[in-house]
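Descriptive structure summary
Read off the chains here:
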Amino acid sequence: MQDRLVYLDHAATTPMRPSAVEAMLPFLTERFANPSGSHRFARDARRAVDEARDRVADAIGCRPGEVVFTGCATEADNAAIVGAVRRRGGRPVCPAVEHHAVLHAVERLGGAVVPVDDAGRVQLDALAAALHGEVAVVSVMAVNNEVGTITDLGPVADVVRDRAPGALLHTDAVQAACWLDLRDVWRHVDLLSLSAHKFGGPKGVGVLAVRDGVAVEPLMVGGGQERDRRSGTHNVAGIVALAEALAATDAERTTENGRIATLRDRLVSGLVAGVPGLRETVAPAAKVAGSAHVLVEGIESESLLYLLDEAGICASAASACASGAMDPSHVLAAMGIDRAWAAGALRLTLGRTTTVADVDAAVDATSGAVRTLRERTAARA
Ligand code: PLP
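Predicted, not measured: the structure shown is a model, and the values here were computed from it. (Residues numbered from 1 in each chain as written. Predicted model: local features only at pLDDT ≥ 70, side-chain atom pairs only at ≥ 80, totals over all residues. Heavy atoms only, no water.)

**Some points on the site of the ligand**
For clarity, the cut-off: Residues are labelled near a given molecule or strand when at least one of their non-hydrogen atoms is within 4 Å of it. Any pair of N or O atoms that falls within 3.5 Å is considered a polar contact. Within protein, one atom must be able to donate a hydrogen and the other to accept it, and sequence-neighbouring residues count only if both atoms are side-chain atoms. Per-residue accessibility takes into account occlusion by the displayed protein chains alone, with areas from the Shrake-Rupley method and a 1.4 Å probe. For helices the rule is a DSSP run of H or I covering at least 4 residues; for strands it is a run of E covering at least 2, with both sets numbered from the N terminus onward. Residue type decides the class: Asp, Glu, Lys and Arg count as charged, Ala, Val, Leu, Ile, Met, Phe, Trp, Tyr, Cys and Pro as nonpolar, and the leftover types, Gly among them, as polar.
Lining the immediate surroundings of the ligand are 13 residues, of which Thr74, Asp172, Gln175, Ser195 and Lys198 lie closest. His197 is positioned such that a nitrogen or oxygen atom in its side chain is 2.9 Å from an oxygen atom of the ligand. A distance of 2.7 Å separates an oxygen atom of the ligand from a polar atom in the side chain of Lys198. Expressed as a share of its isolated accessible area of 390 Å², the protein-covered part of the ligand is 87%. The element best represented in the shell around the ligand is helix H3 (residues 73–88), accounting for three residues. Considered class by class, the residues forming the shell around the ligand number four nonpolar, six polar and three charged.

Given below as structure tokens:
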């Protein structure tokens, strides 16, 4: 077991930015008031939430009144899809590679699941065929959490406006926040979900941006917070930290994209050179800088991850899920990747804290682990 941990699982969660930790601490200690109250102490907390809302709106390019704070992105995704269907009637539609927070909501509501191409982008002709006047909401992720593919939402929005003009367009932008200017994402959609812990904020706080004039039925009813769109006492500390993390991410995005793309290319070329029978799942031009997803022939991800863990490398196969079970990835299956190749998936995701030393350690450990696994298989044969 290694002393030094190499964290290459930034798509699962990110380390908090020190400035976000610092921003939230006063609201966990002396400034603990409930912002819905009427005394000065409550007004102080309310001001903090309002300032956070302004900062988030600035990073998304929306109006402050369009920002609804939620408990996580799973809630934001559910609120968009379930809320749209409850308010408008009709069915939801999404591509087959969505995060389960979207996919399961769509499936439970009897919606349509649309095929994707071999990079994981929704097939526009299949999307068009699934759209009609009874569609309440279409949900298409901006960036895939497993393979990192970016979807250009402009053409998607054109198809939706053309075929189902009454439908809302939602995007799960959780994996986009670090890499894409959210203003370019927001301008195409009516609803957009974010999660603070994917960009250096705390876990347990998210955003659903809801375009002015768009109404979705709230999932949570109660005290009427967030202008009746999401009841529940505000997580003031979390909201303040989310805003700080998003503002910092927005400010550093261009520089970080360049730095991380260089590291990712070094990682992938090191893996391709060091591991025979390894291929990159999606070409770099089609995906975000932080994503390195590869397939290793004749290897089981579970065994590879075990050896990588022993070597101090934190990686994953598909997305993190509560059961920890290694089910075949629904994303790779939808992309048409052969089950035998999909079984050897390795997702290494880079972020703000990733260094050259991390990348080089991951290349060495992966080459060594694959060699060990192949030797074991050969010895058993
Ligand atoms: N959507 C995507 C694309 C994700 O990657 C995740 C997290 O894994 C979620 C939604 C869920 O986010 P949260 O952890 O805030 O519920």
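Here the narrative resumes, following the displayed structure.
**Remarks on H3**
Here is the rule we go by: Expected span of a helix: the number of residues minus one, times 1.5 Å. Throughout, exposure labels follow a simple rule: accessible area from a 1.4 Å probe, protein chains only, divided by the maximum for the residue type, with under 20% read as buried, over 50% as exposed, and the rest as partly exposed.
Helix length check: H3 (16 residues) gives 22 Å between terminal C-alpha atoms against 22 Å at 1.5 Å per residue, within 8%. Among all positions in H3, only Ala73, Glu75, Ala76, Asp77, Ala79, Ala80, Ile81, Val82, Gly83, Ala84 and Val85 are buried. Two residues or fewer past H3, Gly89 is found with a positive phi of approximately 75°.

**Regarding the sheet that holds strand S4 (residues 112–114)**
Selection rule: DSSP bridges decide pairing: two strands pair if at least two such bridges lie between them. Orientation is described by axes fitted as lines to C-alpha atoms, over the contacting stretch for helices, and by angles from 0 to 180 degrees between their N-to-C directions. Any two residues whose heavy atoms approach within 4.5 Å are treated as being in contact.
What the seven strands build is an open sheet, ordered S2-S8-S7-S6-S5-S3-S4; its pairing is mixed. At either margin of the open sheet sits one strand with a lone partner, and together these are strand S2 (67–70) and S4. With strand direction ignored, the average angle separating the axes of adjacent strands in the sheet is 20°. In this sheet, strand S5 (residues 135–139) lies alongside strand S3 (residues 91–95) in parallel orientation, the contact comprising three bridges. Looking at S5, one finds that Val93 is bridged to Val138. Packed on one face of the sheet, helix H6 (residues 153–163) meets S5 and strand S6 (168–172) and runs near 155° to S6.

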